[in-house]
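Below are the chains, spelled out letter by letter.
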Amino acid sequence: MIFANETAYRFEKLNDQDTLLFSWKPAPGVDPALFRRAISGFARLCKEHRPSRGVIDAQDLDQSSSAFAWLRGSEEDQLESYDAWWAREVLPVYVQAKLDKLAVVTGDPSAPGEIPVPNNTAQFRMGYFHSLQDALSW
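A brief look at the structure comes next. Just so we're clear, the structure is a prediction, and the values are computed from it rather than from any experiment.

**Remarks on the environment of D62**
Turning to step 1, where the next piece is worked out: Checked against the element boundaries, D62 lands in the loop between strand 4 (53-57) and helix 2 (66-71).
Turning to step 2, where the next piece is worked out: Along the chain, D62 and I39 lie 23 residues apart, while their C-alpha atoms are 15 Å from each other.
Turning to step 3, where the next piece is worked out: Once residues within four sequence positions are removed from consideration, D62 is found in contact with A27, P28, G29 and F68.
Turning to step 4, where the next piece is worked out: Within the structure, D62 has its side chain in polar contact with the side chain of S64 (distance 2.7 Å).

Given below as structure tokens:
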């Protein structure tokens, strides 16, 4: 089931799993405002539908975009850091969604896999993975 199919991303429920998938599309020039709307929208969708797992496939996110620069902490604007924004605005929504797992697909062969969630009140597991298959197998 597809929930959103925008120019830069798509939200869908995988038919054979209790998983919501957020896929970035190869859209150039994603800015921090669009990035924040998409990330927040996916968290709200997880809260509404309560899947056991959320997966964000970021392999096609434009690495030359200002959104990617902000995510990596190199944006020159005076924006709040991505980590601080995520911890304040997004993490609480994932906690309310009662996720079991949140996986991010990076395409990086050295992606670390499961990591500690950056807040000890979060009761879900989190990880960064090389491929979508790796994330779905976790």
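**Focus: the sheet that holds strand 2 (residues 9-14)**
Turning to step 1, where the next piece is worked out: In spatial order, the strands read 1-2-3-4-5-7-6; together these seven strands make up an open sheet with mixed pairing. The two strands at the open ends of the sheet, each matched to only one other strand, are strand 1 (2-5) and strand 6 (113-115). Ignoring which end each strand starts from, the neighbouring axes of this sheet average 20° apart.
Turning to step 2, where the next piece is worked out: Lying on the sheet, helix 1 (residues 32-49) is in contact with strand 1, strand 2, strand 3 (19-24) and strand 4; it crosses strand 3 at an angle near 170°.

**Description of the packing of aromatic side chains**
Turning to step 1, where the next piece is worked out: Taken as a whole, this structure holds 16 aromatic pairs when the rule is applied.
Turning to step 2, where the next piece is worked out: Taking the centre distance of 5.0 Å and the plane angle of 45° together, the rings of F22 and W24 count as tilted.
Turning to step 3, where the next piece is worked out: Geometrically, the ring pair formed by F129 and W138 is tilted, given 5.0 Å between the ring centres and 40° between the ring planes.
Turning to step 4, where the next piece is worked out: Accessibility expressed as a relative area gives 9% for F129, which makes it buried.
Turning to step 5, where the next piece is worked out: An aromatic cluster of three or more residues is present, and its members are Y9, F11, F22, W24, F35, F42, W70, Y82 and W85.

Conventions adopted
Residues numbered from 1 in each chain as written. Predicted model: local features only at pLDDT ≥ 70, side-chain atom pairs only at ≥ 80, totals over all residues. Heavy atoms only, no water. Helix = DSSP H or I, 4+ residues; strand = E, 2+ residues; numbered from the N terminus. Contact = heavy atoms within 4.5 Å. Polar contact = N/O pair within 3.5 Å; in protein donor to acceptor, adjacent residues only side chain to side chain. Pairing = 2+ DSSP bridges. Axes fitted to C-alpha atoms, helices over the stretch in contact; angles between N-to-C directions. Phe/Tyr/Trp six-rings, centres within 6.5 Å; stacked < 30°, edge-to-face > 60°. Buried < 20%, exposed > 50% of the residue type's maximum accessible area, 1.4 Å probe, protein only.

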